[in-house]
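Chains, contacts and geometry: an overview
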Amino acid sequence: MSGKRTSLSQFSLWFGAAVSIAEMLTGALIAPLGFKNGMAAILIGHVIGGFILFMAGSIGAKSKLSSIESTRISFGTYGSYLFSLLNIIQLLGWTAVMIIGGAKTLNVVTIQLFGMNNEVVWSILIGFLIIIWISLGMKNVSYVNGIAVGILFIFTIILGVTVFSNELIPVGEMTGKMTFGTAVELNVAMALSWLPLIADYTKHVEKEKSGTFYSVLGYFIGSILMFVIGLGASLYVGTTDIASILLSAGLGGVALFIVLFATITTTFLDVYSAGISFQNISHRISEKNAGILVCILGVVLAVFVPITQYEHFLYLIGSVFAPLFAILLTEYFIFKKTSINKGTLINLSNIVIWVLGVIGYRLFLPIGSVAGVTLPIMIATGLVTIILNGGRKVWKKKF
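What follows concerns the overall build of the protein. In terms of helices and strands, the protein carries 15 helices and zero strands. Of all 399 residues assigned to the protein, the portion counted as buried reaches 55%. Look at the contacts in the protein between residues 6 or more apart in sequence, and 87% of them connect residues 24 or more apart. Surface accessibility of the protein: about 16,600 Å² in total, with carbon and sulfur atoms responsible for 69%.

Quick look at the packing of helix 5 (residues 72-114) against helix 11 (residues 254-281) now. The contact between helix 5 and helix 11 brings their axes to 8 Å, and the two run at 160°. Of the possible angle classes, the one that applies to helix 5 and helix 11 is roughly antiparallel. Regarding helix 5 and helix 11, the two cross each other, and that crossing is left-handed. Split into classes, the residues belonging to the contact of helix 5 with helix 11 amount to 17 nonpolar, 13 polar and two charged.

Moving on, we get to helix 3 (residues 35-63). Taking 1.5 Å of rise per residue, the 29 residues of helix 3 would be expected to cover 42 Å, and the 41 Å separating its terminal C-alpha atoms lies within 8% of that figure. Positive phi appears at Lys64, one or two residues downstream of helix 3, with a value of about 65°.

A few words now on the pattern of salt bridges. Taken as a whole and judged by the stated rule, the model has two salt bridges. The closest approach of N and O atoms between Glu119 and Lys104, which form a salt bridge, is 3.2 Å. Taken as a pair, Glu119 in helix 6 (residues 119-164) and Lys104 in helix 5 lie far apart in primary sequence, 15 residues in all. By relative accessible area, Glu119 is classed as partly exposed at 28%. Since its relative accessible area comes to 38%, Lys104 is described here as partly exposed.

One pass over the structure, following the stated rule, counts twelve aromatic pairs. Ring centres of Trp14 and Tyr201 lie 5.9 Å apart, and the angle between their planes is 80°; this geometry places the pair in the edge-to-face category. Of the two residues, Trp14 sits in helix 1 (residues 7-18) while Tyr201 sits in helix 8 (residues 199-202), which places them 187 residues apart along the sequence. Of the two residues, Trp14 and Tyr201, both sit in the buried class. Arranged with centres 5.5 Å apart and planes meeting at 65°, the rings of Phe15 and Phe153 form a pair that is edge-to-face.

Looking now at the side chain of Ser74. Secondary-structure assignment places Ser74 in helix 5. Its relative accessible area of 1% is what places Ser74 among the buried residues.

As a further point, take the environment of Ser369. Turning to its location among the elements, Ser369 is positioned in the loop between helix 14 (348-364) and helix 15 (374-398). It is 9.0 Å that separates the C-alpha atoms of Ser369 and Val184, two residues lying 185 residues apart in sequence. If sequence neighbours within four positions are ignored, Ser369 has contacts with Gly181, Phe364 and Pro376.

Here we take up unusual backbone geometry. Most of the time, phi is negative for any residue but glycine, and the peptide bond is trans. Even without a glycine there, the phi angle at Lys64 is positive, about 65°. Among the secondary structure elements, Lys64 is positioned in the loop between helix 3 and helix 4 (67-70).

Attention shifts here to helix 12 (residues 287-304). Relative to the 26 Å expected for 18 residues at 1.5 Å per residue, helix 12 spans 26 Å between its end C-alpha atoms, a close match to the ideal helical length. Buried within helix 12 we find Glu287, Ala290, Gly291, Ile292, Val294, Cys295, Gly298, Val299 and Ala302.

Before going further, it helps to spend a moment on the environment of Val271. Turning to its location among the elements, Val271 is positioned in helix 11. Residues Val271 and Glu287, 16 residues apart in the sequence, show an inter-C-alpha distance of 9.3 Å. Sequence-distant contacts of Val271, that is, excluding residues within four places in its chain, are made with Thr95, Ile130, Ile134, Gly291, Val294 and Cys295.

About the criteria used
- Residues numbered from 1 in each chain as written.
- Predicted model: local features only at pLDDT ≥ 70, side-chain atom pairs only at ≥ 80, totals over all residues.
- Heavy atoms only, no water.
- Helix = DSSP H or I, 4+ residues; strand = E, 2+ residues; numbered from the N terminus.
- Buried < 20%, exposed > 50% of the residue type's maximum accessible area, 1.4 Å probe, protein only.
- Contact = heavy atoms within 4.5 Å.
- Areas by Shrake-Rupley, 256 points an atom, 1.4 Å probe, with all protein chains shown as cover.
- Axes fitted to C-alpha atoms, helices over the stretch in contact; angles between N-to-C directions.
- Parallel < 35°, antiparallel > 145°, perpendicular 65-115°, else oblique.
- Left-handed = near helix turned anticlockwise from the far one by under 90°.
- Nonpolar A, V, L, I, M, F, W, Y, C, P; charged D, E, K, R; others polar.
- Expected span 1.5 Å × (residues − 1).
- Salt bridge = Lys/Arg side-chain N within 4 Å of Asp/Glu carboxyl O.
- Phe/Tyr/Trp six-rings, centres within 6.5 Å; stacked < 30°, edge-to-face > 60°.

It is worth stressing that arrangement in space is one thing and function is another; only the former is reported here.
See below:
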């Protein structure tokens, strides 16, 4: 990936990342709260998640380091290897989840339109098109991606109008329990799933502040649209099946385009960033080839491993990366530790703080708060970092 990216291209890239079935289905999960409280949870969660994404993206824009490379600032070379592996694993998981979701939805459409059952074929086709996206490279694919995202935006609006054209009366009693704090956390966790990726792309922006802002704005708008559509589909249409909604809107074969390219524009970033994370460990394989390998493995998982629920996967990602970036953001913006010390192989004190943060997240998750789990844990982790690392610096100065 080379060349500077404009704010508009960053907006397009991240809007495309947000327009996905996974975002819509996550919005549907908070339906037990009802529309008013659900909307409040969506807005609060996205403001929190968007702010954290902006801070992490700013590091990439200023330092020109990828997300995982930047962890070397706080955790050293070997520490960044650990987070590279964790990021590759979570991106592989997301690749499989997105391919499965896209293939299942496309399969429903083709069954209803043509009577053809092609779920495995769709999984392979999605993977093949993602590989083409990777092979084109970020510079060349930005034009194609921009066109696809523009069309997706139009049909996203149509999808929203279709959902809310029904009378705003719930179709029935919603099952399941959902606290307001848990709903907020689902919104934040979805945004945080992009936290280990955003600097991979903001490091190439022409203008640091505006490029980062428009990246987050693109995701913020696209994600809120999908969450609201998912919430509305669950409450007022009685289904979260995007294929059924698209077909009922009379879009027919156009539904194939919407689902297919929504899946590609999102999953492309997952596999590309997995390649970038691999580069942090070794340069023997190019980021393109590493990304292609992750894509192929994702297709294999999609075909052979049944994955139907992923909210727990979101929480797992949050528990790993929220404390990690709390430490990095604290040291970068408060301690002004903005460059990599090549002599530091591993920062054990920060590793210990990170482990404590992960444990704290898991313990606090069942309890929660009105602001969710991520924000309180990140604040607590940041404070611990300030106390321990700041205190150590004072101790060294005195003695």
